[in-house]
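What follows is each chain in one-letter form.
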Amino acid sequence: PVPFVGFDGKDMGKKVGEAAAQLLTDSGWLADSAKKVGVLSVEVQTLSVCNDRTDNEKAAIIAAGMPEAQVFPVPYTGETLSAQDAAGPIITANPDVTNWVVFGCNDEGVLGTLNALATAGVNPDDVIGVGLGAYEACKPWAAGQPSGFKAGLFISGLDVGNTAANVLYEAVVNGVEPPEKSFAPTTIVGPSSYESVMDPISLGNCSQ
């Protein structure tokens, strides 16, 4: 076996799901009888690394008190437009849902679903979207625009490179056998914190 350095999909999903669950709890939506909450889980169901993410996202939101019957899978192919096309009919089929939570396999899935919600006339204040990647989530934050993106999990190629370099250094210089798996760090960011967490290259992308 070759030592692996990269991201832990299950852990990423857990972090996104827990962030969504915390935002949902803080919103008070579940305790408000005037609101009906639905969850859109945007899934590439044929890809195991995506299932690792969305399965753990769903588990975290259900653990926070979200009824499983109100968690709707949105099957897509990984792209923004695919998510938008897939989410539209599900949103239309549930007109009684007043507030939505959105998460997925990547930022594109969440972005496409947020676009579908906007097309359906849903106010961004009634949406809790948590991205995975944060490279799309940060764009409306940088522009000061209202958005359903309330948080995102920042993942950085630089962190993967640094982790790999450290593993290699320890092996070559100190004779430490590389572990079977080494995972790069990931961090939940939001509109008020992303600038202090993201590296300059990623921040530059936020303004494009």
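Up top is the structure these notes are about.
A brief structural summary. Here the structure is a predicted model, which is why all the values come from computation and not from measurement. (Residues numbered from 1 in each chain as written. Predicted model: local features only at pLDDT ≥ 70, side-chain atom pairs only at ≥ 80, totals over all residues. Heavy atoms only, no water.)

### A short note on the state of the cysteines
- Tallied over the entire structure, the rule returns two disulfides.
- With a sulfur-sulfur separation of 1.9 Å, cysteine 50 is cross-linked through a disulfide to cysteine 105. Residues cysteine 50 and cysteine 105 share a disulfide whose torsion about the S-S bond is about -65 degrees; that sign makes it left-handed. Placement of cysteine 50 in helix 2 (residues 48-63) and of cysteine 105 in the loop between strand 4 (99-104) and helix 4 (107-119) is noted, with a sequence separation of 55 residues between them. Per residue, the accessibility class of cysteine 50 equals that of cysteine 105, and both read buried.
- Across a sulfur-sulfur distance of 2.0 Å, cysteine 138 and cysteine 206 are joined as a disulfide pair. Between cysteine 138 and cysteine 206 the sulfur-sulfur dihedral comes to about -100 degrees; the bridge is accordingly left-handed. Placement of the pair is cysteine 138 in helix 5 (residues 138-143) and cysteine 206 in helix 8 (residues 200-206), with a sequence separation of 68 residues.
- Looking at cysteine 138, the relative accessible area reads 0%, which means it is buried.
- Should the bonded cysteines of the protein chain be numbered as they appear in the sequence, the pairing reads 1-2, 3-4. (Disulfide = S-S within 2.5 Å. Helix = DSSP H or I, 4+ residues; strand = E, 2+ residues; numbered from the N terminus. Buried < 20%, exposed > 50% of the residue type's maximum accessible area, 1.4 Å probe, protein only.)

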